[in-house]
Amino acid sequence: MIFRNNSKVYVLDGGFSSQISRHVGVTADGDPLWSARFLRSNPDDVIKTHLDFIRAGADIISTNTYQASVDGFVKHLGLTENQSVDLIKQAVGFAKRAKDIYKDECEKESVQPRDIYIAGSVGPYGAYLHDGSEYSGSYAKNTSKESMEKWHRPRIEALIDAGVDILALETMPCGKEAEMLASMIKNYAQIPAWITFSCKDDRSLVDGEDFQTVAQRCWEINPEQLIGIGVNCCSPKVVGNLFKDISKGIEPPLSLVTYPNSGEKYTEEGWGERDCDSLDTYVHDWLDLNVKFVGGCCRTYAEDIAQIRKKKVFGISMRKKQTDNKVKMLLQENNNLKEENLKLSLKISRLKREIGKIKDDKFSDYLCLMRERDARYTLYFENVALHLKLRELDGTSRCYSVDDSYGDPVILKIALEKCREQLSAAQNNLKRMKEEYSETIPRREHDLLDAKCYELTKEVNTLKTEYDIVQNSYKRVLAQKKSLEEELREVKERCSELERSGTPRPCWELCGDFISGGRDRWWQLANGLSSRDMLRVLLKELGPAAESEHLEYFDGLGTDPAIPPYLRHEGRVRNLRLSRREVRVLVNDIWISRATHRDLPLQDYVTRYFEERYQQPSVRAEWSYNMCAGLEQMMDEPSVKLFWGALLGQLSEDVYWRLRDAWHTLRDRLYTHNGGQETLSIEELEKVTRTTFPLKNEVDIKNLMEVVKKQLKLKINVVEVNLDKLFFENEEGFDRSELARELYRQRQLAQDKYIREVIAELGRRNLNKTISVDCLKRAFAIVDPAIDHIRMERYIRWAFSDQSSELSAICPLPLRTIVSRLASGDIERIGPRHKGFRRSYK
């Protein structure tokens, strides 16, 4: 690809709408097609505008199709779709015509023409809307990628078919549309492209996203086809900061594109004075940032492009000259340093020779002095020996006078120094021997200790061997223990499954309490019978109330207004004998469909639910009565008990929605943390769970991890968790999983603890004490300082069963009533309780 791996800098054209206004005489401001309207009304002026930029020095010219689209031409010019596509292709033909005219002019003047490339201008979807959303990117929130891709595809294909050299995907206000285009153009791999964004400051796109993050993401999507990433239609002052460090960690660095506005400020009165220097003053700095494509946008003309052309050429030559001068200066400085180093080395060598000579001279003097000292010692000892021999010959050894024998002070001084040296050496030798032999043991004791050490070493080796054997046995037993524990857990789980799925044996002894004759007669009747025959005997003894007809039908409750609306029916209702699974599936389907109709009371919604699904009143009554009968028989299941309590108005159904939100929040955060992967480690699962539920203590977190292992039946040494299996939801609902049940159990325990703290602040000893709204407010503020006004008002209205009156007008209620209402509501702690913190609510 000609534009990749190339050090050349390409000059782009300027603001097309600004330059063409000089030929047309009017501006395109306010037109829904902007300058694209001139493709049909002023084709010659379009060609002249292209030619102006080529003559000014542009290497790449953009087609006049920024705001051209099939839908726009159909809507505002009244063209057909085929005519609209042909008009977009004609825009490429106008650019080619200008290119041919330029080549003819160069041939006439015997000048080598430059290579001119044509870029197909592709503006954002928001420009077509003509509602100003292209300057904020707000349209991306309400427009899908599929809709934008469907809108872009016809004009991009028209530009490519017409023969553009480059696709200029420009002025993108948001990352969503840019990423869609980066991915979409992979279908046209033969054409290179660049993407430029519209930024509101030196960090962010106009929709608030971080520019560098979005730019790098687009580059990663299609690095083979994109020849540049950059900005346009912004102030030139912010370009430097936008491009700074954008290629950090990317090799080779990104090729950058920039063609900002002139720097003039736009106000309600129109374009005003510049708030920065002209574009050409920034070119040198941009080239240092690896900008390969530079030009202008709004309010820039052919003269500005000519200045950029001059600055680009002059900037490159000046930098080369500055670099050459710097290299020469560094080489000269290097040579000077080498000469200085050589001089210092010679000086060091000379000084070393002088030092060696001085040392030799001093050593010679030292040897002379040592010889003289030794000679004096020799003479001294010879003199002493002669004096001793003389005393022996004269017989005067006992009356020898020290002054007579040692009268020479020099000899005495020498003798004293010699004695001191010998004494010092003897003392040092004695000290050394004491240090060396201070811990020396006598030979006999050493032999005894040596023999004892040998016996102990032998015994230690024996014990070590035995220890190794015991250690190996312990490891084998430990492995067997783990295996047995795992097997035991599997057996327990199997037993639990069998217990849930198996049919329990009834306690037949209790039947004797309900028939005449008591248990003795019952055993006489039931002796030797199967369970089915015993059931028939029991039904026969119970009489007409147990006849099959009564088991096959329910009696309708009538149409009294006091009866719930979904149970209002007269006459008999057939008993469908719904299984536990069918009841759970029905309850889950009601919850799912209710998510979009939470404005209705639950009883009214259940009535509406059955009315929408069953047209006949008798069929609706069958499902309603059978659902209620099944719920009453399944009160041992927490999820069923919660639905039944909410249906009867005894519990707040918000408890279910909070549980559902907690479940989905944990699932979404785990998938986000794992980058959409299917598995992650148990440690990462525990970390994300602790972050998701910051108020849970360590015991609760560990219990959740144990439940996860139990639900997925993980082995002891397995640390990977499959998220798809963990958060699998069947038609019976998410709350059938072990994890959801544990979350519900922990939530109920936390709610009970929270309510007990609130009751303690209200005075739990006197349950008949009347509590006002202000008292309950104060209690909530003390126990939960992080609670907000909205949540506190919701809690108070639930506790006082008043959803419409002013809080100040609500009458006090006994503490006993308050406690029962709080226990049945959706009451949850918001933040930790801080000691010594008080907050006042009035």
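Since the structure is predicted, the reported quantities are computational estimates derived from the model, not experimental observations.

A.B. asks: Which residues make up the domain arrangement of the protein, and what values go with them?
C.D. replies: By domain assignment, the protein separates into domain 1 (10-313), domain 2 (315-362), domain 3 (508-547), domain 4 (558-647) and domain 5 (656-824). Each of domain 1 and domain 3 was reduced to a C-alpha centroid, and the two centroids are 92 Å apart.

A.B. asks: Give a description of helix 22 (residues 617-633) that names residues and reports values.
C.D. replies: With 17 residues, helix 22 extends 24 Å between its outermost C-alpha atoms, agreeing within 8% with the 24 Å of an ideal straight helix rising 1.5 Å per residue. Burial in helix 22 covers these residues: Ala-621, Glu-622, Ser-624, Tyr-625, Asn-626, Met-627, Cys-628, Ala-629, Gly-630 and Leu-631.

A.B. asks: Mind laying out the packing of helix 20 (residues 580-594) against helix 22, listing which residues take part and the relevant values?
C.D. replies: Following both chains from N to C, one finds helix 20 and helix 22 inclined at 110°, their axes separated by 10 Å at the closest point. Taken as axis vectors, helix 20 and helix 22 run roughly perpendicular relative to one another. Seen along the crossing, helix 20 lies across helix 22 with a hand that is left-handed. Facing helix 20, whose interface residues are Arg-580, Val-583, Leu-586, Val-587 and Ile-590, helix 22 presents Trp-623, Met-627, Gly-630, Leu-631 and Gln-633. When grouped by side-chain class, the residues that make up the contact of helix 20 with helix 22 number seven nonpolar, two polar and one charged.

A.B. asks: Give me the lowdown on unusual backbone geometry, citing residues and values where you can.
C.D. replies: With an omega of -10°, the peptide bond running from Glu-251 to Pro-252 counts as cis. At Cys-233, a residue that is not glycine, the phi angle is positive and equals roughly 55°. One non-glycine residue, Ser-801, lies in positive phi territory at about 55°. In this fold, Ser-801 is placed in the loop between helix 30 (789-800) and strand 16 (813-814).

A.B. asks: Which residues make up the UniProt feature "binding site: Zn(2+)" (unreviewed entry) in the protein, and what values go with them?
C.D. replies: The feature "binding site: Zn(2+)" (unreviewed entry), as given by UniProt, occupies Cys-233, Cys-297 and Cys-298 in the numbering adopted here. What stands out for the annotated residues spanning 66 residues is how close their C-alpha atoms remain, the widest pair being 6.4 Å apart. Here Cys-233 lies in the loop between strand 6 (226-232) and helix 11 (239-243). If near-sequence neighbours (up to four positions away) are discounted, Cys-233 is found in contact with Thr-171, Ser-198, Tyr-259, Pro-260, Asn-261, Cys-297 and Cys-298. Along the polypeptide, Cys-297 turns up in the loop between strand 10 (291-294) and helix 13 (302-394). The class of Cys-297 is buried, set by a relative accessible area of 14%. Dropping the residues within four chain positions of it, Cys-297 is found in contact with Gly-14, Gly-15, Asn-232, Cys-233, Tyr-259, Pro-260 and Asn-261.

A.B. asks: Any chance you could break down the state of the cysteines for me, citing the residues and the numbers?
C.D. replies: This structure, assessed with the given rule, holds zero disulfides. Cys-811 carries a free sulfur, and the closest cysteine sulfur to it, the one in Cys-775, is 14 Å from it.

A.B. asks: Lay out the side chain of Ser-18 with the relevant residues and their values.
C.D. replies: If you trace the backbone, Ser-18 turns up in helix 1 (residues 16-24). Given the relative accessible area of 8%, Ser-18 is considered buried. Discounting chain neighbours no more than four positions away, the residues touching Ser-18 are Cys-298, Arg-299, Thr-300 and Tyr-301.

A.B. asks: Which residues make up the pairing of strand 6, and what are the values?
C.D. replies: Of all seven residues in strand 6, seven are buried, a share of seventy percent or more. Where strand 5 (residues 193-197) lies against strand 6, five bridges are found, and the strand directions are parallel. Residue pairing across strands places Ala-193 opposite Leu-226, the latter belonging to strand 6. On the question of chirality, the crossover connecting strand 5 to the parallel strand 6 by way of helix 10 (residues 211-221) is right-handed.

A.B. asks: Any details on the packing of helix 29 (residues 773-783) against helix 30? Residues and values, ideally.
C.D. replies: Close contact between helix 29 and helix 30 brings their axes to 11 Å; oriented N to C, the two are set at 130°. With respect to helix 30, the axis of helix 29 lies oblique. Crossing angle aside, the handedness with which helix 29 passes helix 30 is right-handed. Between helix 29 and helix 30, the residues in contact are Val-773, Leu-776, Lys-777, Phe-780 and Ala-781 and Met-792, Tyr-795, Ile-796, Ala-799 and Phe-800, respectively. Across the contact of helix 29 with helix 30, the residue classes tally to nine nonpolar, no polar and one charged.

A.B. asks: Residue-level account of the pattern of salt bridges, with values.
C.D. replies: Counted by the stated rule, this structure contains 37 salt bridges. Between Asp-636 and Arg-580 there is a salt bridge, with the nearest N and O atoms lying 3.1 Å from each other. Remark: Arg-580 occurs in helix 20 and Asp-636 occurs in the loop between helix 22 and helix 23 (638-647); sequence separation between them is 56 residues. The partly exposed category is assigned to Arg-580, whose relative accessible area is 36%. Within this structure, Arg-580, Arg-581, Arg-584, Asp-636, Glu-637, Glu-731, Glu-732 and Arg-736 form a network of salt bridges that share partners.

A.B. asks: I'd like a rundown of the nonpolar core, residues and numbers included.
C.D. replies: Of all hydrophobic cores here, the largest spans 89 residues; its most connected members are Phe-73, Leu-167, Ile-195, Phe-197 and Phe-211. It is helix 5 (residues 81-108) that contributes the most residues to this core, nine residues altogether. In terms of nonpolar packing, the next biggest core, distinct from the first, is built from 54 residues, Val-583, Val-587, Ala-646 and Leu-670 among them.

A.B. asks: Tell me what's going on with the packing of aromatic side chains, and back it up with residues and numbers.
C.D. replies: Applying the stated criterion across every chain, the model contains 27 aromatic pairs. Ring plane angle 85° and centroid distance 5.5 Å describe the contact between Trp-591 and Trp-657, whose orientation is recorded as edge-to-face. With Trp-591 in helix 20 and Trp-657 in helix 24 (residues 654-673), this residue pair connects regions lying 66 residues apart in the sequence. We classify Trp-657 as buried; its relative accessible area is 5%. Judged by centre distance (5.6 Å) and plane angle (45°), the ring pair of Phe-780 and Tyr-795 falls under tilted. Linking Phe-780 in helix 29 with Tyr-795 in helix 30, this pair joins segments that are 15 residues apart in sequence.

A.B. asks: Describe the environment of Ala-415, with residues and values.
C.D. replies: Position of Ala-415 among the secondary structure elements: in helix 15 (residues 409-437). A residue is classified by how much of its surface remains accessible, and Ala-415, at 10% relative accessible area, is buried. For the pair Ala-415 and Tyr-454, spaced 39 residues apart in sequence, the C-alpha separation works out to 56 Å.

Conventions adopted
The numbers attached to residues start from 1 for each chain and follow its sequence in the written order. Restriction of local features to residues with pLDDT of at least 70 applies here, the model being predicted, together with a cutoff of 80 or more for giving and counting side-chain atom pairs; totals for whole chains, interfaces and linings are based on all residues. Just so you know, side-chain values use all the structure's heavy atoms and leave hydrogens and water out. For the domain bounds, the source is a domain assignment made automatically or taken from a database. Helix and strand assignments follow DSSP, with helices taken as H or I runs no shorter than four residues and strands as E runs no shorter than two, numbered in order from the N terminus. An expected span of 1.5 Å times one less than the residue number is assigned to each helix. Note on classification: 1.4 Å probe, protein chains only; a residue is buried when its accessible area is under 20% of the maximum for its type, exposed when over 50%, partly exposed between these limits. To get an axis, a line is fitted to the C-alpha atoms, and for a helix only the part in contact is used. The angle between two axes follows their N-to-C directions and goes from 0 to 180 degrees. Roughly parallel refers to an angle under 35 degrees, roughly antiparallel to one over 145, roughly perpendicular to one between 65 and 115, and oblique to any angle outside these ranges. The hand of a helix crossing depends on one turn: near helix anticlockwise from the far one by less than a right angle means left-handed, and clockwise means right-handed. Two residues qualify as a contact provided that any one of their heavy atoms is within 4.5 Å of a heavy atom in the partner residue. Under the scheme applied, nonpolar residues are Ala, Val, Leu, Ile, Met, Phe, Trp, Tyr, Cys and Pro; charged residues are Asp, Glu, Lys and Arg; polar residues are all the others, including Gly. UniProt positions are given in the numbering used here, feature names are shortened, and annotations may be inferred rather than shown by experiment. Any two cysteine sulfur atoms within 2.5 Å of one another count as a disulfide. Only strands joined by at least two bridges in the DSSP assignment are considered to pair. Classification remark: right-handed applies to a crossover when, strands pointing away from the viewer, the course from the first strand over the helix to the second runs clockwise. Only one rule defines a salt bridge in this text: a Lys or Arg side-chain nitrogen within 4 Å of an Asp or Glu carboxyl oxygen. Nonpolar cores are built from buried Ala, Val, Leu, Ile, Met, Phe, Trp, Tyr and Cys residues. Side-chain atoms within 4.5 Å join them into one set. Whether two aromatic rings pair depends on their centres lying within 6.5 Å, for rings of Phe, Tyr and Trp, where Trp uses its six-membered ring; planes under 30 degrees apart make the pair stacked, over 60 edge-to-face, and the rest tilted.

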